[in-house]
Amino acid sequence: RFPGARHLEAFWQNLSSGVESIRTFTNEELAARGVLAEVYQNPSYVRRGTVLEDHDRFDAAFFEMSPREAELTNPQHRLFLQTVWEAFEHAGYVPDRYAGVIGIYAGSGHNSYLHAHRDLSGVDYLSYLVANEQDYLTTRTAFKLGLVGPAVNVQTACSTSLVAVHAACEALRDGDCEMAVAGGVSISWPEGEGYTPEQGLIFSSDGHCRAFDAEADGTVFSQGVGAVILKTLDRAIEDGDTIHGVIRGIAINNDGSRKGGFFAPSIQGQTDVITAALAQQAISPESISYVEAHGTGTAVGDPIEIAALTQAYRQSTSKKRYCAIGSVKTNIGHTDAAAGIAGLLKVLLSIRHRQLPPNLHFKASNPACDFETSPFYVQGALGDWHCEGPRRAGISSFGLGGTNAHAILEEPPSLPQTSSSRPFQLIPIAAKDDQALVDLEHRMGHLLCQADDHALADIAHTAQVGRADFGKRSFVVGRDRREIGQRLLLGQ
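My aim in this report is to walk through the structure given alongside it, one point at a time. These numbers were taken from a predicted model, which means no experiment stands behind them.

## So, the overall build of the chain
Logical step 1: Assigned secondary structure in the chain consists of 17 helices and 16 strands.
Logical step 2: In terms of C-alpha radius of gyration, the chain reaches 23 Å, essentially the compact-globule figure of 23 Å for 492 residues.
Logical step 3: With respect to the three principal axes, the spread of C-alpha positions in the chain is 60 × 60 × 40 Å.
Logical step 4: Within the chain, the fraction of its 492 residues that count as buried is 53%.
Logical step 5: As displayed, the chain offers around 21800 Å² of accessible surface, 51% of which is attributable to carbon and sulfur atoms.
Logical step 6: Within the chain, the 57 negative side-chain charges are centred at a point lying 4 Å from the centre of the 41 positive side-chain charges.

## So, the side chain of Arg210
Logical step 1: Looking at the element boundaries, Arg210 is found in the loop between strand E5 (179-186) and strand E6 (224-230).
Logical step 2: Accessibility expressed as a relative area gives 13% for Arg210, which makes it buried.
Logical step 3: For Arg210, the residues in contact, after removing those within four places along its chain, are Glu215, Ala216, Gly218, Gly297, Asp302 and His361.

## What about the sheet that holds strand E8 (residues 290-292)?
Logical step 1: On the basis of which strands lie adjacent, the open sheet formed by 6 strands has the order E7-E14-E13-E8-E9-E11 and mixed pairing. Whereas interior strands pair on both sides, the edge strands pair on one side only; in this sheet they are strand E7 (246-254) and strand E11 (376-378). Across this sheet, the average inter-strand angle for adjacent strands is 20°, counted without regard to direction.
Logical step 2: When strand E9 (residues 323-326) meets E11, the two strands line up parallel, connected through 3 bridges.

## Notes on the packing of aromatic side chains
The geometry of an aromatic ring pair is captured by the separation of the ring centres together with the interplanar angle, meaning the angle of the planes.
Logical step 1: Enumeration over the complete set of coordinates arrives at 14 aromatic pairs.
Logical step 2: Relative to Phe203, the ring of Tyr195 has its centre 5.4 Å away and its plane inclined at 35°; by these criteria the two rings are tilted.
Logical step 3: Of the aromatic side chains, those joined through ring pairs into one cluster are Phe58, Phe62, Phe63, Trp85 and Phe470.
Logical step 4: For Lys432, the ring lying beneath its charged end belongs to Phe62, and the centroid distance is 4.6 Å.

## Some remarks on unusual backbone geometry
Logical step 1: Even without glycine at this site, Phe212 takes up a positive phi of about 70°.
Logical step 2: Note on placement: Phe212 falls in the loop between E5 and E6.
Logical step 3: Not every positive phi belongs to a glycine, and Asp336 is a case in point at roughly 55°.
Logical step 4: Assessed through its relative accessible area of 18%, Asp336 is described here as buried.

## Details of the sheet that holds strand E3 (residues 102-108)
Logical step 1: Pairing within the open sheet is mixed, and its 4 strands lie in the order E4-E3-E5-E6. Strand pairing shows two members of the sheet lacking a second neighbour, strand E4 (151-153) and E6, which therefore form its edges. In this sheet, neighbouring strand axes are inclined to one another by 15° on average, regardless of whether the strands run parallel or antiparallel.
Logical step 2: Relative to E6, E5 runs antiparallel, the two sharing 7 bridges. Looking across to E6, one finds that Val185 is bridged to Val225.

## A word on the pattern of salt bridges
Logical step 1: Scanning the model with the defined rule gives 21 salt bridges in all.
Logical step 2: The shortest N-O distance in the salt bridge between Arg6 and Glu53 comes to 3.5 Å. Of the two residues, Arg6 is situated in the segment before helix H1 (8-17) and Glu53 in the loop between strand E2 (48-49) and helix H4 (67-72); the sequence distance between them amounts to 47 residues.
Logical step 3: Glu53 gets classed as partly exposed once you look at its relative accessible area, which sits at 34%.
Logical step 4: One network of salt bridges, with partners in common, ties together Lys231, Arg235, Asp239 and Asp241.

## Considerations on helix H12 (residues 301-313)
Logical step 1: The terminal C-alpha atoms of H12 lie 18 Å apart, and with 13 residues this matches the ideal 18 Å at 1.5 Å per residue to within 8%.
Logical step 2: Of all 13 residues that make up H12, 11 are buried, and the element is covered over most of its length.
Logical step 3: Each element contacted by the buried residues of H12 is listed here: helix H11 (267-279), E8, E9, E11 and strand E13 (392-398).

## Concerning the environment of Ala70
Logical step 1: As for its position among the elements, Ala70 is in helix H4.
Logical step 2: Along the sequence, Ala70 and Asp59 sit 11 residues apart, while their C-alpha atoms lie 8.7 Å from each other.
Logical step 3: With residues up to four places along the chain from it excluded, the contact list for Ala70 reads Phe58, Ala60, Met65 and Arg78.

## As for the nonpolar core
Logical step 1: Ranked by internal contacts, the top residues of the largest apolar core, which has 42 residues, are Phe11, Val165, Val228, Leu230 and Leu344.
Logical step 2: Of all elements in the fold, only H1, helix H9 (160-174), E5, E6, helix H14 (339-353), E13 and strand E14 (403-410) reach the threshold of two or more residues within this core.
Logical step 3: In contact with Leu344, not counting residues within four places along its chain, are Val165, Val228, Ile395 and Leu409.

## A closer look at the state of the cysteines
Logical step 1: Counted under the stated rule, the structure contains 0 disulfides.
Logical step 2: Note on Cys169: no disulfide assigned, nearest cysteine sulfur contributed by Cys177 at a separation of 9.9 Å.
Logical step 3: Residue Cys169 is classed as buried on the basis of its relative accessible area of 10%.

## Points about H9
Logical step 1: Taking 1.5 Å as the rise per residue, H9 with 15 residues should run 21 Å; its terminal C-alpha atoms sit 21 Å apart, in good agreement.
Logical step 2: If you check which residues of H9 are buried, you get Thr160, Ser161, Leu162, Val163, Ala164, Val165, His166, Ala168, Cys169, Ala171 and Leu172.
Logical step 3: Once H9 finishes, Gly175 follows within two positions and takes phi at roughly 85°, a positive value.

## Focus: a nonpolar patch on the surface
Logical step 1: Side chains of Phe424, Leu426, Phe475 and Val477 sit close together on the surface and give an oily, nonpolar patch of about 360 Å² of accessible area.
Logical step 2: Within the secondary structure, Val477 sits in strand E16 (residues 472-478).
Logical step 3: Its relative accessible area of 30% is what places Val477 among the partly exposed residues.

What counts and what doesn't
Residues numbered from 1 in each chain as written. Predicted model: local features only at pLDDT ≥ 70, side-chain atom pairs only at ≥ 80, totals over all residues. Heavy atoms only, no water. Helix = DSSP H or I, 4+ residues; strand = E, 2+ residues; numbered from the N terminus. Rg over C-alpha atoms; globule rule 2.2 N^0.38 Å. Buried < 20%, exposed > 50% of the residue type's maximum accessible area, 1.4 Å probe, protein only. Areas by Shrake-Rupley, 256 points an atom, 1.4 Å probe, with all protein chains shown as cover. Lys, Arg positive; Asp, Glu negative; His and termini not counted. Charge placed at Lys NZ, Arg CZ, Asp CG, Glu CD. Contact = heavy atoms within 4.5 Å. Pairing = 2+ DSSP bridges. Axes fitted to C-alpha atoms, helices over the stretch in contact; angles between N-to-C directions. Phe/Tyr/Trp six-rings, centres within 6.5 Å; stacked < 30°, edge-to-face > 60°. Lys NZ or Arg CZ within 6 Å of the ring centre and 35° of its normal. Salt bridge = Lys/Arg side-chain N within 4 Å of Asp/Glu carboxyl O. Expected span 1.5 Å × (residues − 1). Core = buried A, V, L, I, M, F, W, Y, C linked by side-chain atoms within 4.5 Å. Disulfide = S-S within 2.5 Å. Patch = residues over 30% accessible without salt bridge, like charges linked within 9 Å, V, L, I, M, F, W, Y side chains within 5 Å.

This is how it looks when you write it as structure tokens:
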């Protein structure tokens, strides 16, 4: 979930339509959130930011939490727990019924909720601490969902969630688990406030992130949450999973002291991590047709990123301007610990739709970014993703303090389609209460009426073995997707 997008479909719609989900707040909104008038009426105050819709809404009973426990629990923990549950449903697995070991690797943003919450009546300090601190993000999720593999918190500032993906990949390769969840979350509290930019820092002066543009002067910090389910490729093929993308290479490193200061990025550090990711399977840079950049839109960061990418690619190619580049931060801002997973999800959606979304606010390239002699050009408008071989993309995420991550993502292999000789298929539906069951029937009905790219037998299989068993149940039988969908929508 990202600003303006409660689910993946809405996220793609916003990306492909060039929607900027950073908004301008009114005086009334800022005052209602406790911003003092002398602050928001100051000419230097930038009254722009993001709102993560319904992030404070949580079905405590579903996760067997009391209302008081849910209230005390950091919204980052709550929303991440919900998102991981949805990720397992999306993948077609009930985690506590999975025969193998499932690990979880993730991190969260700064814990502002802990300091903003004041109602501590009747609460012991340890319970409050466990409900809020970053240390318990993954272990709480593992406890609630029955995950018995490694539960590891990752904290590397802005690169957290892509470093978590790297950790999950390593665990799968080492045999620590057979399936892994990886992701990140960042939610500010209270949300919906602007900021006062300071000279020399990375905040945009006008509330827009103009990555790689000549007018770029910074970024806007934002919020969001995302998670992916990972397996080794051979295991996913053997299990008949729907594969959305394949990580062909992923590497992490740190800049060390090879930079002007702790806050500064390093050309050599970024070059090294990109080179290491490419080298894992001897991937040619010429086979990569898109790079989802870190792209914060800063005067220092953007030119260094282009220089590092160019230096890494120039080790094996002299081609110019053949690879598109863009940054999701121009759409949703900088989601901090969730920034890497935001870029990964953007690329997965681009692969699915075979299109490259626009990098917003791009008019003329930053003169310090040498695009003319580099392998890259900025993706200025929505376009079809054409390439000679499989679609491949690089994804970068660089953390304040110098922890860099880079991944090479490839479109999934073509696999044989499933078929079924049964003339009728059974779709079971289960929920925890009557209203949830009705809501789920309607959601399933809408999806079945639209699911042109999925065989009914596959949908029935997932409904039968890839969903949790709850006390309120119904089912529908039919021979056609739309027939079943219409019956569910009509309550038949």
